[in-house]
Amino acid sequence: MQEPELSSSGSLTSRSTESMELDGFEGNTPAEPRSPPRADSPLIKRPRAQPKVRGVPIGVWRDSSEPDDNDKHVIFGFIDIHDRLRTRIYAMNKKREELIGNVPTGAGGCWVTFPRIIFERHLASLNSAEIKEYVKLRTDVYEATDEERIAAEGRAVALAKQIASDQAASPVVMEPHLQGLSRPEVKEYCRIRNYEQEQRESEKERKANELKAVQTAKATVASQAMNGELTQAYSPRAAPPPLEMETRHSARAEHKHHARQQAEIEAATARARQEKLEATERQHEKTRKEVAAAENNIIEHAAQMELKHNLKKLNKVWVAQKNATHSQSASSNGGTVGGPPPVSDEIKYHNGIKYERKQNGPFAGKLVGPPQILSIDGEDYVEYRILTKPSF
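Just so you know, these numbers come straight off a predicted model, no measurement behind them.

Moving on: the pattern of salt bridges. The full count for this structure, using the stated rule, is 15 salt bridges. Among the ionic pairs, Arg357 bridges to Glu346, the shortest N-O distance being 3.8 Å. One end of the pair, Arg357, is in strand β8 (residues 353-357); the other, Glu346, is in the loop between α5 (243-332) and β7 (347-350), with eleven residues separating them in the sequence. Residues joined by salt bridges that share partners form a network here, namely Asp83, Lys132, Glu133 and Lys136.

See below:
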């Protein structure tokens, strides 16, 4: 294999919904090469803006139409959300030049399995578990120079081997009541227990349900095996299933998972939309109440001001009437009781009205009768009667 020419590891910038897991893995149907271009057709290979890629370059596609390994379609490996290693073909070579050639098309055509990959020289001796750990270590890691990159790749290979070795030395220990069950029996047990736990069982019921689920799982798997409903992948003590069967199962599982996620997203969106509408309606109701309260306050304030104004007017009328009544009473008694008789030049009487000569004010020196309150066009006026001799 040629020395790798990529300047750095790929970046996590795109995502696909298909899935594949290597080394006892699940994934989509492996890529099938399409017919190579005719000899008289020019190969489409030109520099262009780098497409969005995800993961780490690990090699090239063995079935690429290009004869030179350095010019073949590049393969990137990445870890999906289920912690599975997936390998994907991109329509470019290791130099990141666009390369159409015989790149697969159609649903699932971009995925490729290990046998169809020519790995980079430093990865050629690794197994699938070590490749997976290498991809984890090199994802989103960049170096400034090729020398630094090559050194970092070597360190990542050594560390990936160590991690995979440590993992292989730590087998999963099953619960005591699950020991001795086959793979399909364990899967059936998990299905039963998932349903029971959704029913919110109590701690007291849990142990009894676990033992009952073991017996139910064994009986279910045995019945399926007798009726021929189990394939090799689900037969008791069966060997690991072929790659093709696993990839078909993965495609169905991924489709169901995607549909379930889509339904959950739509339900969450509907709930959020309803909550937003309800919040908006509550805000509008609050605003309407605040406006109504403000209007009531304005009306109440105006009514209070009008009442105060009317009381002030009535008070003025009452004071004027009181003064007039007092003056009339004094004139009917001929002046103050026990006081001296009025001077004829200072006080005059006519038709029961007493006219007194004012010593100051606007009518100083004039004979002026008591004031009377008049209301003309809704406005109050004070009327004074003045006696004066004609000047003609």
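Under the defined criterion, the tally for this structure stands at four aromatic pairs. Measuring from centroid to centroid gives 5.3 Å for Phe76 and Tyr90, while their planes differ by 80°, and the two rings are edge-to-face. Pair noted here: Phe76 is in strand β3 (residues 74-79) and Tyr90 is in the loop between β4 (85-89) and β5 (98-99), with a separation of 14 residues, a long-range link. For Phe76, a relative accessible area of 0% puts it in the buried group.

Moving on, we get to the confidence of the model for the protein chain. Of the residues in the protein chain, 73% have a pLDDT of 70 or more, and the chain-wide mean is 76. When the criterion is pLDDT under 50, residues 231-246 qualifies, and its contacts beyond four places in sequence or with other chains add up to 29 contacts. Overall, residues 336-341 carries pLDDT values under 50, and its contacts beyond four positions in sequence, including any with other chains, amount to zero contacts.

What follows deals with the pairing of β8. Bridge count for β7 against β8 is four bridges, and the pairing is antiparallel. Residue His350 lies in a different strand from β8, and its bridge partner there is Ile353. The loop that links β7 with its antiparallel partner β8 comprises two residues; one of these, Asn351, has a positive phi angle of about 55°. Strand direction decides the pairing type here: β8 and strand β9 (residues 367-368), joined by two bridges, are antiparallel. Paired with Glu356 across the two strands is Val368, which belongs to β9.

The rules behind these values
Residues numbered from 1 in each chain as written. Predicted model: local features only at pLDDT ≥ 70, side-chain atom pairs only at ≥ 80, totals over all residues. Heavy atoms only, no water. Salt bridge = Lys/Arg side-chain N within 4 Å of Asp/Glu carboxyl O. Helix = DSSP H or I, 4+ residues; strand = E, 2+ residues; numbered from the N terminus. Phe/Tyr/Trp six-rings, centres within 6.5 Å; stacked < 30°, edge-to-face > 60°. Buried < 20%, exposed > 50% of the residue type's maximum accessible area, 1.4 Å probe, protein only. pLDDT = per-residue confidence, 0-100. Contact = heavy atoms within 4.5 Å. Pairing = 2+ DSSP bridges.

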